[in-house]
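Examining the three-dimensional arrangement
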Amino acid sequence: MHMTQMIMEVDVPNKNGHIYPRVEIERVVEVWSGKQMFGQIDMPIGDINPLTVDASRASHVVENLRINDNNCLVGDVTVLKTPQGVVLDDLLTIDGLCFRSAGIGKATMDENGHVVITEYQMLSINAVMYGA
């Protein structure tokens, strides 16, 4: 299955109060231009390295990242024919599943109490339930 998915809004606070400035996301788009990014179901937790996607947990590939006219980062998602990809394919019918980025960056507080993320390195885009 192949689909275009919204990953994040740019320049506005997300549910965690974090803001990803457009200039940071434009840089991410440039870094990933022409490349594929593997993703998994849920965010890595526990003793799993959150900075990588374990190949045994890969469920999808994301490519063609871009900022659309609604000021959102979107990407083309292809569900893999892996065991986790089969699970993801079933989960796509559930309301509340979305795709979110995982990465590292520098966090600073702005005057409104929002965390602004700079020097952002996007490492994966994962399928999660809203609120995750």
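Throughout what follows, the structure given in this document is the object of discussion. (Residues numbered from 1 in each chain as written. Predicted model: local features only at pLDDT ≥ 70, side-chain atom pairs only at ≥ 80, totals over all residues. Heavy atoms only, no water.)

What about the overall build of the protein?
Broken down by element type, the protein carries two helices and seven strands. Against the 2.2 N^0.38 benchmark of 14 Å for 132 residues, the protein shows a C-alpha radius of gyration of 14 Å, consistent with a compact globule. With respect to the principal axes defined by its C-alpha atoms, the protein has extents near 45 × 35 × 30 Å. At a minimum sequence separation of 6, the contacts of the protein that also span at least 24 residues come to 60%. Taken as a whole, the protein presents about 7500 Å² of accessible surface, with 52% of it coming from carbon and sulfur. Here the protein holds 9 positive side-chain charges and 17 negative ones, and the gap between their average locations is 3 Å. (Helix = DSSP H or I, 4+ residues; strand = E, 2+ residues; numbered from the N terminus. Rg over C-alpha atoms; globule rule 2.2 N^0.38 Å. Contact = heavy atoms within 4.5 Å. Areas by Shrake-Rupley, 256 points an atom, 1.4 Å probe, with all protein chains shown as cover. Lys, Arg positive; Asp, Glu negative; His and termini not counted. Charge placed at Lys NZ, Arg CZ, Asp CG, Glu CD.)

What about the side chain of Gln40?
Tracing the backbone through its elements, the reader meets Gln40 in strand β3 (residues 37-40). Judged by relative accessible area, Gln40 falls into the buried class, the value being 1%. Here Asp42 takes part through its backbone oxygen, which lies 3.4 Å from a polar atom of the side chain of Gln40. Sequence-distant contacts of Gln40, defined by excluding residues within four places in its chain, comprise Val53, Asp54, Arg57, Ser59, His60, Ile125, Asn126 and Ala127. (Buried < 20%, exposed > 50% of the residue type's maximum accessible area, 1.4 Å probe, protein only. Polar contact = N/O pair within 3.5 Å; in protein donor to acceptor, adjacent residues only side chain to side chain.)

Regarding the nonpolar core
If you look at the biggest cluster of nonpolar residues, it comprises 26 residues, and the most contacted ones within it are Ile25, Leu65, Leu73, Met122 and Ile125. If you list the elements that add at least two residues to this core, you get β1 (2-9), α1 (22-31), β4 (58-67), β5 (72-79), β6 (97-109) and β7 (115-129). For this core, the leading source of residues is β7, giving six residues. For Leu73, the residues in contact, after removing those within four places along its chain, are Gln5, Met6, Ile7, Met8, Val10, Ile25, Val29, Leu65, Arg66, Ile67 and Met122. (Core = buried A, V, L, I, M, F, W, Y, C linked by side-chain atoms within 4.5 Å.)

Quick word on the pairing of β7
Where strand β2 (residues 18-19) lies against β7, two bridges are found, and the strand directions are parallel. Residue His18 lies in a different strand from β7, and its bridge partner there is Val115. Strand direction decides the pairing type here: β6 and β7, joined by twelve bridges, are antiparallel. Across the sheet, Ala102 pairs through a bridge with Ser124, a residue of β7. The hairpin formed by β6 and β7 contains five residues between the paired strands, and Gly113 there has a positive phi angle of roughly 85°. (Pairing = 2+ DSSP bridges.)

What to know about unusual backbone geometry
The backbone phi angle of Asn64 is positive, close to 55°, even though this residue is not glycine. The partly exposed category is assigned to Asn64, whose relative accessible area is 42%. If you check the backbone angles, Glu119 has positive phi at about 50° while not being a glycine. The residue Glu119 is located in strand β7 in this model.

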